Amino acid sequence: TSDGGYIITGETISYGNGGGDVWLIKTDDDGNSSSWTFGGSESDYGYSVQQTSDDGYIIGGSTSSYGNGDKDVWLIKTNSSGVLIWSKTFGGSENDRGYSVRQTSDAGYIITGETYSYGSGSEDLWLVKTNFRGDSTWTKTIGGSESDGGRSVQPTEDGGYIITGYTESSGNGGSDSWLIKTDANGDTLWTQAFGGSENDRGNSVQQTDDGGYIIAG
């Protein structure tokens, strides 16, 4: 974080309201920490966190305590002291999860994950764009007839997005690591699958200085 410390999100069953709660931990540069929990009586998870331009934090995850279905994508905004400013849920009647969130140049947010509620197959990669208040401005599903999902998203220099995750709808077998490039509106420009005959998955992606991309999974 900007003060030389660190921000972490995850889940806790030790603290909070029950089931499992989103856990936000802030440390200084020596690892001394403060923490906060968010959630209800069911299982809630934090998967991704970033410090925002106002020195607060944005958390992406999933919630079974709130929203429309078994699990919904959960977006949580806090101030710099970890105090909740707002939270938003996205999803339908089935399981939907948000695994990665990043702030965009317009002070909004981009989220990727997976949805069973919408799309073409058993689950599809889901891309959700919001404004600075967390209100959805557009959503996109990407995938085929099998299981596909997103694990990491980053804004790119051209104003679009790069996403990694997994696909069973295309590639060489099982699940393959999937790389997807979109434009600023979330429309797919190209995709690439990487993998062999067994299960392969991409969990993190970043644009590199030469305009390419680096993936780990």
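The shown structure was predicted, so the numbers you read here are calculated from the model rather than taken from an experiment.

**Regarding the sheet that holds strand E3 (residues 33-38)**
With respect to topology, three strands assemble into an open sheet ordered E1-E2-E3, the strand pairing being antiparallel. Strands with a single pairing partner mark the edges of an open sheet, and in this sheet they are strand E1 (6-12) and E3. Each strand of the sheet is rotated relative to its neighbour by a mean of 20°, with strand direction disregarded. Bridge analysis of strand E2 (residues 21-27) against E3 gives six bridges, and the strand direction is antiparallel. In the sheet register, isoleucine 25 faces E3, and the bridge partner there is serine 35.

**Concerning the pattern of salt bridges**
As enumerated under the stated definition, the model contains nine salt bridges in all. Of the charged contacts in the structure, one is a salt bridge between aspartate 135 and lysine 88, with a shortest N-O distance of 3.0 Å. Placement of aspartate 135 in the loop between strand E10 (124-130) and strand E11 (136-142) and of lysine 88 in strand E7 (residues 84-90) is noted, with a sequence separation of 47 residues between them. By relative accessible area, aspartate 135 is classed as partly exposed at 29%. What makes lysine 88 partly exposed here is its relative accessible area of 26%. Ionic pairing is found between glutamate 114 and arginine 151, a salt bridge with its closest N-O pair at 3.1 Å. Taken together, the residues glutamate 114 in strand E9 (residues 109-115) and arginine 151 in strand E12 (residues 148-155) connect sequence positions 37 residues apart. Given the relative accessible area of 4%, glutamate 114 is considered buried. Within this structure, Lys88, Arg133 and Asp135 form a network of salt bridges that share partners.

**Quick notes on the environment of serine 100**
For serine 100, the position within the fold is in strand E8 (residues 96-103). Classification of serine 100 by relative accessible area gives buried; the value is 5%. C-alpha separation for the pair serine 100 and serine 204, spaced 104 residues apart in sequence, amounts to 9.1 Å. Sequence-distant contacts of serine 100, defined by excluding residues within four places in its chain, comprise Ser48, Ile110, Ile111, Thr112, Arg151, Ser152 and Val153. Within the local environment of serine 100, its side chain forms a polar contact with the backbone nitrogen of valine 153, the two atoms lying 3.2 Å apart.

Calculation notes
- Along each chain, residues carry numbers from 1 onward, in the same order as the chain's sequence is written.
- Side-chain atom pairs in this predicted model are given and counted only at pLDDT of 80 or more, local residue features only at pLDDT of at least 70, and totals for whole chains, interfaces and linings cover all residues.
- Values shown for side chains rest on all heavy atoms present in the structure; no hydrogens or waters enter the calculation.
- Here, strands pair whenever DSSP counts at least two bridges between them.
- Strands here are runs of E lasting at least two residues and helices are runs of H or I lasting at least four, both read from the DSSP assignment and numbered beginning at the N terminus.
- Note on geometry: axes are lines fitted to C-alpha atoms, helical ones only across the stretch in contact, with angles between N-to-C directions running from 0 to 180 degrees.
- Any carboxyl oxygen of Asp or Glu that lies within 4 Å of a side-chain nitrogen of Lys or Arg is treated as forming a salt bridge with it.
- Whether a residue is buried, partly exposed or exposed follows from its accessible area with a 1.4 Å probe, protein chains only, as a fraction of its type maximum: under 20%, in between, or over 50%, in that order.
- Two residues form a contact once any of their heavy atoms are found within 4.5 Å.
- What qualifies as a polar contact is a pair of N or O atoms within 3.5 Å, subject to a donor-acceptor requirement within protein and to the restriction that residues adjacent in sequence count only when both atoms come from side chains.

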